[in-house]
Amino acid sequence: MDQNLESKKKTQYSRLFRRFIFLTMICSLVPLLFAGWAINIHYSEFAKERIIKTLQTRVDYHRKIIELFLKENRTRLDFIARTYSIATLTKDEHLKHILNSINRDFWTLTDIGIIGENGDHIAYVGPYDLIDKNYSKTFWFKEVMEKGIYTSDMFMGFRKEPHFIMAVIKNENGQRWILRATVNTDSFRSLVENVRIGKTGEVYILNSKGIYQTRPVSSGKILTAASGFEGEIHDSLKFRYLDTFDKDVKIKKIVCETWLKDPRWLLVVRVGEKELFEDVRHANRATLVSLHLSALIIFIVTVLITSHMVSVIKKRDREVERMNNQLMQTGKLASIGELSAGVAHEINNPLAIIMTEYQLLLDTEKRTPITDKTFGEQFAGSLNQIDIQVRRCTHITKNLMKFARRTKSVIETVNVNVFLREVIDLMGREAKSDGIKFISLLDDNLPSILTDPSQLQQVFLNFINNAIDAHEDKGFGTIILSTCLTKDTTGIVITVEDTGSGIKNEDIGKIFDPFFTTKAPGRGTGLGLSICYSIVKQLGGNIHVESEIGKGTLFTLTFPFKPPEDLLKHG
Amino acid sequence: MIGAKILIVDDEEIFADNMARLLQIRNYKVTAVYNGESAIKALEKDNFDVVVLDLKMPGMNGIATLKEIKNLGLFTETLLLTGHGSVDAAVEAIRLGAYDFLNKPCDIDDLIEKIEGAGRKKDDAWKKDMEEKLKRVIESPSDAFKLFD
Ligand SMILES: Nc1ncnc2c1ncn2[C@@H]1O[C@H](COP(=O)(O)OP(=O)(O)O)[C@@H](O)[C@H]1O
Ligand SMILES: [Mg+2]
């Protein structure tokens, strides 16, 4: 039963513990994680946007550089054509000089040549053997004739190598001629690719038909068609995601596209998304780790605090329970006291009558002897029993009536040490023959207290009697009496310790109950401790028991220096 | 003090009668009454050496009766029969001039011992009183009539 209750209480506390934890989690961790995640997502979106914007700006800037390069070279050609006459330019030396000076800082042009109106190559400086070629049938020749200035797409041409040319037409005294130059493919490509966008980044150019003008690093061949080309020409900067596959591994890429103005080429920049957003992801990870770490710390702290709180509550509860028990005990004693004193009084009168009847019978028997021997013996035996049992009843009623609230206590200054020595003296003689030794550990500096010595004597006689009784089976042992000040020095502590049988755990709560006894009928009334309890309470004191079965029992009594006010007034 | 006159006052009639019988057997002259009022009447009518008075009685209780008895100004001594719890009342009774008290139920031998003590005390007091009066008569015989009035 008790164990059941105990375990029920335990589950109750663990439920309380869990509920506390749950609530604090709900109230602190959930919002923290929620807000943390939300902020994190928001932040990374924002950061990604910024990165993409930066990328776009860079791509746009790069486009301008490429455009500028092309335009600059066209302008150069135009300038040369305007400045020099065909006569000057067809001098090989001169043309070579021009090419060299253009290429002095940066190897811009592969070759340069002059073509007549009929398509014949009039002059040429460059690594290829092209001087006797006729260009009248080539697509660019027609374009130049039509437009005056022209930049071609990449093509193979007579040299059978991918290249693109720029050409201007010049009208000199009715004679038309064309200045044509080939842009160095490698230089152009290095210019195009000269934008730093990480390890996975690649830059290339497509023409308006989606043909590779420069080759991307990872895939594709120059002058072949690029896949996924849309062909729509526009002046904005487009940005999209693209899933590519590298041996079945999906790689997400970010693609930025922008159209050059002249010629209409498409500048494409492709970066692995992973690389581009590496920093964001890193920051992300760091934030999440610290977020979860702090959540973990909060959790641990919560668990610690909660377990501490629950243990405090547990302690409080136990304290309250103890006080309640004490109150109940006091109340129980008060009502039982009244009742039993009343009953004892009522029983006393019949007992007194039985006693007189017994004595009358005894008297009569003496004067008129009974002749029948058996009857005589029986009669005498019965009379004897009546006497014994009436005395036993009297003993009980005497004890019961001690419960009745004493209206007058005699309050005196009592030196407890002296008082206890007297009590030991009184009891010691009897106990010594039983093989029980008394030891007193009395604090010599103990102040005297105000109390009722006759009641106090009754209390200690009871305790010592019980202690002696507890040694009945052993036949020997020790009873230790000690005194000292209470910890907070507001009163005194008296302990009565014995090495007797001890009290069973389940009995501890009952020993102060009236009529609770473990002694044989006729030996114990079960009233001793309950009387002690009510006396000690009345004197403003307290009793505490500790006991271990087989080892002994320790009763700790505390008394204030002064009994409660009302006792002082009425006493 | 064989033949002392004893008045037993107890509301428990059987107890009072039994007591009376027990004492009569032991050669006392005993009267039993069952309440305080009758006790006072009996004392006014007759002379008693010792009154055995129950403390707890309906109507006039032991203490009240004791006060009345004391008011009569007799030499009669009073023994109180009390329950065990009523130590305070017993102490009060002694203060009021009772000879002693006995816890109920009591041994007849204890009672007789106390009765003897009370009787002796009463006799002593009576004798002393007598001697004093005699002394005064001897000193001034003219006052003798006043004294034995
Ligand atoms: N010092 C003690 N050692 C062991 N048991 C004790 C001791 N004091 C009291 N007890 C137990 O408490 C019970 C009640 O004691 P008490 O009220 O004095 O009644 P009683 O002595 O008449 O049995 C005893 O019967 C005994 O079982
Ligand atoms: Mg006891």
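Quick notes on the rules
Residues numbered from 1 in each chain as written. Chains lettered and ligands numbered in written order. Predicted model: local features only at pLDDT ≥ 70, side-chain atom pairs only at ≥ 80, totals over all residues. Heavy atoms only, no water. Near = heavy atom within 4 Å. Polar contact = N/O pair within 3.5 Å; in protein donor to acceptor, adjacent residues only side chain to side chain. Areas by Shrake-Rupley, 256 points an atom, 1.4 Å probe, with all protein chains shown as cover. Helix = DSSP H or I, 4+ residues; strand = E, 2+ residues; numbered from the N terminus. Nonpolar A, V, L, I, M, F, W, Y, C, P; charged D, E, K, R; others polar. Contact = heavy atoms within 4.5 Å. Phe/Tyr/Trp six-rings, centres within 6.5 Å; stacked < 30°, edge-to-face > 60°. Buried < 20%, exposed > 50% of the residue type's maximum accessible area, 1.4 Å probe, protein only. Lys NZ or Arg CZ within 6 Å of the ring centre and 35° of its normal. Buried area = accessible area lost by both parts, 1.4 Å probe. Salt bridge = Lys/Arg side-chain N within 4 Å of Asp/Glu carboxyl O. Pairing = 2+ DSSP bridges. Axes fitted to C-alpha atoms, helices over the stretch in contact; angles between N-to-C directions. Expected span 1.5 Å × (residues − 1).

Novice: For this particular structure, what's the right way to read the site of ligand 1?
Specialist: Residue and element names in this part refer to chain A. Among the 20 residues in the neighbourhood of ligand 1, the closest are listed as Asp498, Thr517, Thr518, Lys519 and Leu529. Backbone polar atom of Leu529 to an oxygen atom of ligand 1: 2.8 Å apart, as the coordinates give it. Relative to its free-state accessible area of 530 Å², ligand 1 is covered by the protein chains to the extent of 93%. Ranked by the residues each element gives to the shell around ligand 1, the list is headed by helix H10 (residues 453–470), at three residues. Grouping the amino acids of the shell around ligand 1 by side-chain chemistry returns eight nonpolar, 10 polar and two charged.

Novice: Just to check I follow, could you spell out the side chain of A:Asp387 for this structure?
Specialist: Topologically, A:Asp387 is positioned in helix H8 (residues 373–401). The contacts of A:Asp387, once residues within four sequence positions are left out, are A:Met355 and A:Tyr358.

Novice: Before we go on, may I ask you to explain the packing of aromatic side chains in this structure?
Specialist: The relative placement of two aromatic rings is captured by the distance of their centres and the angle of their planes. All names here are of chain A. Counted by the stated rule, this structure contains 17 aromatic pairs over all chains. Ring centres of Phe463 and Phe555 lie 4.8 Å apart, and the angle between their planes is 50°; on these two criteria the pair is classed as tilted. Here the residue Phe463 occupies a position in helix H10, and Phe555 occupies one in strand E16 (residues 552–560), the gap between them amounting to 92 residues. Assessed through its relative accessible area of 7%, Phe555 is described here as buried. Ring-pair connections join several aromatic residues into one group, and the members of that group are Phe69, Phe106, Phe164, Phe188 and Trp265. Here Lys252 stacks its cationic end above the ring of Tyr241, 5.0 Å away from the centre of that ring.

Novice: Just checking my understanding: could you explain unusual backbone geometry for this structure?
Specialist: Among all residues except glycine, the phi angle is most often negative; among peptide bonds, the trans geometry is most common. A cis amide bond links A:Asp262 to the next residue, A:Pro263, at an omega of -5°. With respect to the helices and strands, the residue A:Pro263 is situated in the loop between strand E8 (249–259) and strand E9 (266–272). Cis rather than trans, the peptide bond between B:Lys104 and B:Pro105 has omega equal to -5°. Mapped onto the secondary structure, B:Pro105 falls in the loop between strand E5 (100–103) and helix H5 (108–139). Positive phi values are uncommon outside glycine, yet A:Asn173 reaches one of about 50°. Topologically, A:Asn173 is positioned in the loop between strand E4 (164–172) and strand E5 (175–183).

Novice: What am I meant to see in the interface of chain A and chain B here?
Specialist: Between chain A and chain B, the contact holds 20 residues from the first and 20 residues from the second. Contact between chain A and chain B buries roughly 1,900 Å² in total, counting both sides, with carbon and sulfur atoms accounting for 58%. Sorting the residues of chain A by area buried against chain B places A:Thr356, A:Gln359 and A:Leu360 first, and these three jointly supply 26% of that buried surface. For the pair chain A and chain B, the number of links is three salt bridges.

Novice: Which parts of the structure should I look at to understand the pattern of salt bridges?
Specialist: Close approach of charged atoms allows side chains with opposite charge to pair. Residue and element names in this part refer to chain A. Counting across every chain of the model gives 32 salt bridges over all chains. Here Arg63 makes a salt bridge to Glu67, at a shortest N to O gap of 3.3 Å. Of this pair, Arg63 and Glu67 both sit in helix H1 (residues 2–83), four residues apart, roughly one helical turn. Of the two residues, Arg63 and Glu67, neither departs from the other in class, the shared state being buried.

Novice: Can you help me understand the sheet that holds E16(A) in this one?
Specialist: One key point about sheets: their strands pair by backbone hydrogen bonds, in either a parallel or an antiparallel sense. Residues and elements named next belong to chain A. Ordered by their spatial adjacency, five strands build an open sheet running E11-E13-E14-E16-E15, and the pairing between neighbours is mixed. The two strands at the open ends of the sheet, each matched to only one other strand, are strand E11 (436–441) and strand E15 (542–548). Within the sheet, the average angular offset between the axes of one strand and its neighbour, ignoring direction, is 15°. Both strand E14 (residues 491–498) and E16 contribute to a ladder of eight bridges, which runs antiparallel.

Novice: Quick question: what am I supposed to make of H8(A) here?
Specialist: For an α-helix, the turn length of 3.6 residues means that residues three or four places apart are oriented alike. When the terminal C-alpha atoms of H8(A) are compared, their 42 Å separation across 29 residues agrees well with the 42 Å that a helix rising 1.5 Å per residue should span. A side-chain oxygen of the first residue of H8(A) lies 3.0 Å from the backbone nitrogen of A:Thr374; this N-cap is A:Asp372.

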